[in-house]
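# Notes for the structure review
Take a look at the letters that make up each chain.
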Amino acid sequence: MELIAMLKDLTHGISYIHSNGVIHRDIKIDNVILKHNVCKITDFGVSSVGEISQTFVGTPVYLAPEIMNNRVYNDAYDKTVDIWALGVLAFESYFRINPFFYHGSRLMTFSDFEVITDNIMNICIPEFDIKNVIKMIRKENMEKEANFIVKKLQKTSKHLIFLFKKFFEFEPQTRAKT
């Protein structure tokens, strides 16, 4: 399925659940199914009802910075965490690598949370830049993956790059909306 069609379906789904006062909190490729050529969101096991939430839940490599921060400061967050996770899902679908964590499917350790948080800070402040993703991947000695992104970028529209920037706005209030 083409990325734009997938994003359209998932954006409609996220918009629908948000309009019903639900924050999914675990948007990821494993929680998306393709049914009759339409992407559908599944697994509402950690979703919450209400405009804001405070609990630390979700899949770490998809967590928005405010949830990562929540594990330390117990601050509230809102539905924009689903937009961040949608951005991670879209980035992974398009570039075949997570933008913030490069150690595959091994079990995560406590120090991995720090790695993800540091990578988010290095890549998204002052604004998301794919060049910083490439730099971080090269730092991990993953030249094949970095070169794939560089090649793919040559065929990537400015609109999609802009969309990634909006998905990965560090401040929730300036992040893309559904």
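Everything quoted here is computed from the prediction, not taken from an experiment. (Residues numbered from 1 in each chain as written. Predicted model: local features only at pLDDT ≥ 70, side-chain atom pairs only at ≥ 80, totals over all residues. Heavy atoms only, no water.)

## Description of the nonpolar core
The line we're drawing: Residues enter a nonpolar core if they are buried and are Ala, Val, Leu, Ile, Met, Phe, Trp, Tyr or Cys, with the set joined through side-chain atoms within 4.5 Å. Three labels apply to residues, based on accessible area from a 1.4 Å probe with only protein chains included: buried if under 20% of the type maximum, exposed if over 50%, partly exposed otherwise in between. Runs of H or I in DSSP of at least four residues are treated as helices and runs of E of at least two as strands, each being numbered from the N terminus. Whether two residues touch is decided by their heavy atoms; if any such pair falls within 4.5 Å, the residues are in contact.
Counting residues in hydrophobic clusters, the biggest one holds 51 residues, and the most contacted among them are Phe91, Phe100, Phe128, Phe164, Phe167 and Phe168. Within the residue set of this core, elements represented by two or more residues are α1 (3-19), β3 (38-41), α2 (65-73), α3 (80-95), α4 (110-124), α5 (130-139), α6 (143-154) and α7 (158-167). Sorting elements by how many residues they give to this core places α3 first, with eleven residues. Among residues more than four places away in sequence, those in contact with Phe168 are Trp84, Gly87, Val88, Phe91, Pro99, Phe100, Cys124 and Phe128.

## Some remarks on empty space enclosed by the protein
Here is the rule we go by: Throughout, the protein atoms alone are placed on a 1 Å grid, and a set of points is a cavity if a 1.4 Å probe fits but cannot get out or a pocket if it is open with protein on both sides within 12 Å along at least five of seven lines; lining residues have an atom within 4 Å of a point. Grid points are joined across faces, edges and corners, and a volume is the space filled by probe spheres set on the points. Three classes are used: nonpolar for Ala, Val, Leu, Ile, Met, Phe, Trp, Tyr, Cys and Pro, charged for Asp, Glu, Lys and Arg, and polar for all others, with Gly counted as polar.
This model, assessed by the stated rule, comprises one cavity of 30 Å³ or more. Taken as a whole, the largest cavity encloses approximately 50 Å³ of empty space. In terms of lining, the largest cavity is formed by Arg25, Asp26, Ile27, Thr59, Tyr62, Leu63, Ala64, Ile67, Val81, Asp82 and Ala85. Looking at the lining of the largest cavity residue by residue, the class counts come to seven nonpolar, one polar and three charged.

## Considering the side chain of Ser48
Relative to the helices and strands, Ser48 is located in strand β4 (residues 48-49). On the basis of relative accessibility, which here comes to 11%, the residue Ser48 falls in the buried class.

## Details of the pattern of salt bridges
To keep it simple, the criterion reads: Definition used for salt bridges: Asp or Glu carboxyl oxygen within 4 Å of a side-chain nitrogen of Lys or Arg.
If you walk through the whole model with that rule in mind, you get five salt bridges. With its nearest N and O atoms 3.7 Å apart, the salt bridge here joins Asp26 to Lys28. Two residues, Lys166 and Glu169, come together in a salt bridge whose shortest N-O distance is 3.7 Å. In this structure Lys166 comes out as partly exposed when scored by relative accessible area, which is 24%.

## Some thoughts on the confidence of the model for the protein chain
Put simply, the rule reads: You can read pLDDT as the predictor saying how much it trusts each residue, on a scale of 0 to 100.
When pLDDT is averaged along the protein chain, the result is 91; 95% of the residues meet or exceed 70. Within the protein chain, α2 has the poorest average pLDDT of any element, 74, and β3 the best, 97.

## Thoughts on the pairing of strand β2 (residues 32-35)
Worth spelling out the cut-off: At least two DSSP bridges between two strands are required for those strands to pair.
Summarising the sheet, β2 and β3 pair through four bridges and their orientation is antiparallel. Residue pairing across strands places Leu34 opposite Cys39, the latter belonging to β3. Taking the residues between adjacent antiparallel strands as the criterion, β2 and β3 are bridged by two residues, where His36 takes a positive phi near 55°.

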